[in-house]
Amino acid sequence: MKNKILLLGLFCCSLISAEAQILLDKGTGKNSFPIVSSSTNAVVCFDGKDATVVRKSASLLVDDVRRVTGQELKMDESKPGKVSARYAIIAGTIGESGWIDVLASGNKIDTTAIAGGWERYMIEVVNNPVPGIKKAIVVAGSDRRGTAYGLLSISKAIGVSPWYWWADAPVKQQKQVSVKVDKFISKTPSVKFRGVFINDEDWGLYRWSRDNYEKERGNFGPRTYAKVCELLLRLQANYLCPAMHDASMAFHRIPENRLVADSFAIVMGSSHCEPLLFNTASEWKRDKMGEWDYINNKDGVDKVLKSRVEECAPFENVYTLALRGLHDRAMNASNNMSDRKDMLQEALMAQRQMLVDAIGKRAEDIPQAFTPYKEVLDVYDQGLELPDDVTIIWPDDNYGYMKRLSSPKEQKRSGRSGVYYHSSYLGKPHDHLWMNTTSPT
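As a starting point, this report considers the structure included with it. Within each chain, residue numbers correspond to sequence positions counted from 1 in written order. Reporting in this predicted model follows two pLDDT cut-offs: at least 70 for local features of residues, and 80 or more for side-chain atom pairs to be given and counted; totals over whole chains, interfaces and linings ignore these cut-offs and use all residues. Hydrogens and water molecules were not included; the side-chain quantities draw on all heavy atoms of the structure.

With that settled, the discussion passes to the environment of Ser282. Runs of H or I in DSSP of at least four residues are treated as helices and runs of E of at least two as strands, each being numbered from the N terminus. Residue position: Ser282 is located in helix H7 (residues 280-283). Put simply, Ser282 and Leu355 are 73 residues apart on the chain and 22 Å apart in space, counted from C-alpha to C-alpha. Excluding residues that lie within four positions of it along the chain, Ser282 makes contacts with Asp246, Ser248 and Ala250. Should any heavy atoms of two residues lie within 4.5 Å, those residues are considered in contact.

In plain terms, two cysteine sulfur atoms within 2.5 Å form what is called a disulfide here. Taken as a whole, this structure holds zero disulfides when the rule is applied. Cys241 provides the cysteine sulfur closest to Cys273, a residue in no disulfide bond, and the two sulfurs are 10 Å apart. Cys273 sits in the buried class, given a relative accessible area of 1%. We call a residue buried when its accessible area falls under 20% of the maximum for its residue type, exposed when it is over 50%, and partly exposed in between, using a 1.4 Å probe and counting protein chains only.

Every axis corresponds to a line fitted to the C-alpha atoms, with the helix fit spanning only the stretch in contact, and the corresponding angles, defined between N-to-C directions, vary from 0 to 180 degrees. Packing of helix H9 (residues 298-312) against helix H10 (residues 337-359) brings their axes to within 10 Å, and their N-to-C directions diverge by 35°. Here H9 runs over H10; the crossing is right-handed. Along the contact surface, H9 presents Lys298, Asp302, Leu305, Lys306, Val309 and Glu310, while H10 presents Glu346, Ala350, Gln351, Met354, Leu355 and Ala358. What makes a crossing left-handed is the near helix being turned counterclockwise from the far one by less than a right angle; a clockwise turn instead makes it right-handed.

Across a regular strand the side chains alternate sides, sitting on one face of the sheet and then on the other. Taking burial as the measure, the seven residues of strand S11 (residues 191-197) include six buried ones, the bulk of the element. Of the pairings in the sheet, the one linking S11 to strand S12 (residues 239-241) comprises three bridges and is parallel in character. Directly across from Val196, in S12, lies its bridge partner Leu240. Strand pairing is assigned whenever DSSP identifies at least 2 bridges connecting the two strands.

Here the focus is the side chain of Asp143. In this structure, Asp143 sits in the loop between strand S8 (133-141) and helix H3 (144-157). Counting rule applied: Lys, Arg positive; Asp, Glu negative; His and chain ends not counted. Definition used for salt bridges: Asp or Glu carboxyl oxygen within 4 Å of a side-chain nitrogen of Lys or Arg. For the buried residue Asp143, which engages in no salt bridge, the nearest side chain bearing the opposite charge is Arg145, 5.4 Å off. The residues touching Asp143, leaving out its near neighbours within four places in the chain, are Thr93, Gly117, Trp118, Glu119 and Arg120.

Now the structure itself:
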């Protein structure tokens, strides 16, 4: 993978990678497959023990077929050989799905090309896949997101945009729907983590959610994040840094938020100034925790961060290594840059050890990111010794101009690099809104 992270600092982005060759057709031809016809509807089959996102994606596909045709497809979790249907859409993850294991062992499909891969899937039409089924679209994923991406590529093919909800993208109605499926094997995404940071949300998403979508909570919550995560999954994105301004309810203050994100297989991260998924802007309580000060309250700071890592350890995350002041300001420290560097070095190494202790993996096997934003870049340039496996996310200058990218030496780091790019910037006295100085591409 050439890059590890692409993080766009706005809500409206499009991150679709190469998708399966699935086209609407008239229901004739070798690879034609009727999803809804005058005589029968396809059944969606999956293993109930597969990842939650597989069930979620199967349900989304069923909803999408209903949006197009008004017909409700049946979902079936029965074992292979227990389903009787002329046509089926079979989906599952290699090593997690009895359906995929049976088809592979029976030489109905060959999954060797994607096995062990990152977010890969294959999709093809198989005749007589198992007793009781005449014809099937088979979606096999190398992992849980690969399976979900494959299933939702069918949704897009029948005319349901990923933006059907957020942008009211219209869905063309049809009484019947058939697709032509050419065998397709997806490639590994060239950027490992692709997603959005919901930022400067006070005037937009926060107010909408508070006043319209989650009135009972009066703030962000699981219902809002479910819709955000669904959009990301449909766009074949996988990464979310949640809203973090004072007005917003901090993501991890509501444990259900973590469950929602995980049900969509979304990897959670945090912004450049939120160490180890902790929202310093609204979660740090001076009366209970003391000052946010690594010189005079190091033990207090580390105690809180350690607790957050332990809460989040069961889930899939990219952990931000950071030490900035509250409310996205510079951390209180010596004016001597060498002293600042030493303080940051100590804090980052302590955070890294917390991850090892809580997660029980080698540090280099735990996704970590470091963003040298604003004054942190000056400290980094003083010779900060960042572990080789930590991804460096290079920021722009808030006006869309990149401050710098990896040097030839940095390009050789195993952690590679990423981009933190403001398509717009809200920050007095120099708001810079809706003006892409430099295209993200």
